[in-house]
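A closer look at the structure
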Amino acid sequence: GENVEQHPSTLSVQEGDSAVIKCTYSDSASNYFPWYKQELGKGPQLIIDIRSNVGEKKDQRIAVTLNKTAKHFSLHITETQPEDSAVYFCAALRGSGYSTLTFGKGTMLLVSP
Amino acid sequence: EAGVAQSPRYKIIEKRQSVAFWCNPISGHATLYWYQQILGQGPKLLIQFQNNGVVDDSQLPKDRFSAERLKGVDSTLKIQPAKLEDSAVYLCASSLGTGGTGELFFGEGSRLTVL
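All values reported here derive from a predicted model rather than from experimental measurement. (Residues numbered from 1 in each chain as written. Chains lettered and ligands numbered in written order. Predicted model: local features only at pLDDT ≥ 70, side-chain atom pairs only at ≥ 80, totals over all residues. Heavy atoms only, no water.)

What to know about the interface of chain A and chain B
The extent of an interface is frequently quoted as the accessible surface area lost upon association of the parts. The line we're drawing: Note on contacts: a residue pair qualifies if any of its non-hydrogen atoms lie within 4.5 Å across the two residues. Here the quantity called buried area is the accessible surface, traced with a 1.4 Å probe, that two parts lose on coming together, added over both. By salt bridge we mean one thing: a side-chain nitrogen of Lys or Arg within 4 Å of a carboxyl oxygen of Asp or Glu. Helix and strand definitions follow DSSP, with helices as H or I runs of at least four residues and strands as E runs of at least two, each counted in order from the N terminus. Residues are sorted three ways: Asp, Glu, Lys and Arg are charged, Ala, Val, Leu, Ile, Met, Phe, Trp, Tyr, Cys and Pro are nonpolar, and all the rest, Gly among them, are polar.
Listed by partner, the interface residues are 20 residues for chain A and 23 residues for chain B. Together, the buried faces of chain A and chain B total about 1700 Å²; carbon and sulfur atoms form 54% of this surface. Across the contact surface, chain A and chain B share zero salt bridges. Going through the elements one at a time, strand E4 (30–38), strand E5 (45–51), strand E9 (86–94) and strand E10 (101–103) of chain A are the ones with two or more residues in the side of chain A that touches chain B. When residues of the side of chain A that touches chain B are assigned to their parent elements, the largest contribution, three residues, is made by E4(A). Across the side of chain A that touches chain B, the residue classes break down as nine nonpolar, eight polar and three charged.

Structure, rendered in structure tokens:
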């Protein structure tokens, strides 16, 4: 099955800095890669996703890049704000139909004012 | 639009007891998921329903866990008997489509502590 590795497990930055979280996946057939943000006591919420036919996608301060050859994808957050503090999960989906997401272990991002 | 509703939010039981969790997905969402999230880890899929049929339960410990989705709407997840390692947050999620590439909407979860 699919295996998703995520690094780092914790990341501390100063407000205004950039943050980068990296994930690798094992199944070359995976073709959909979402990122979820989980705040304390809440369920994960989708913040951005990318499909395998696209190398980069941007939404305001958040961007995701995908390198299919190397089987890795990254989340980039620019101009970080204290409200960006949360746990971020990457995930990968193999194929289509009834395929299910495999999540990484998460990265706790702490943004200090 | 109402989100995914789950109850109870918290439950403490002793090992070998039973527990049940309830989920009401977003109206009209065809696919419903139960995930187990152990502290410090990412969500792990337990079971996936499309309407009221099971499409993936390969990671569900069927000797102790069971789930049903009656009439393709609400769902319950039951654990009997519970073990210490079942302590986790049980997340319910739903999605509009069935292809897996759509957004999953998660509830706030049910936190289970097994003593």
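Side note on the packing of aromatic side chains
Put simply, the rule is: Put simply, two rings from Phe, Tyr or Trp (the six-membered ring, in Trp's case) pair if the centres are within 6.5 Å, and we call them stacked under 30 degrees between planes, edge-to-face over 60, tilted for the rest.
Using the criterion set out here, one finds 13 aromatic pairs over all chains in the structure. Through a chain of ring-to-ring contacts, the aromatic side chains of A:Tyr36, A:Phe89, A:Phe103, B:Tyr33, B:Tyr35 and B:Phe106 assemble into a single cluster.

Topic: the layout of surface pockets
What counts is decided by this rule: Throughout, the protein atoms alone are placed on a 1 Å grid, and a set of points is a cavity if a 1.4 Å probe fits but cannot get out or a pocket if it is open with protein on both sides within 12 Å along at least five of seven lines; lining residues have an atom within 4 Å of a point. Grid points are joined across faces, edges and corners, and a volume is the space filled by probe spheres set on the points.
Looking at the largest pocket, its volume works out to about 780 Å³. Along its surface, the largest pocket is lined by 39 residues, and A:Gln38, A:Val87, B:Gln37, B:Leu39 and B:Gly40 are the ones closest to its centre. Taken together, the residues of the lining of the largest pocket sort by class into 16 nonpolar, 16 polar and seven charged. The volume enclosed by the second largest pocket comes to roughly 510 Å³. If you go around the second largest pocket, you meet 23 residues; those closest to its centre are A:Glu2, A:Leu101, A:Thr102, A:Phe103 and B:Gln59.

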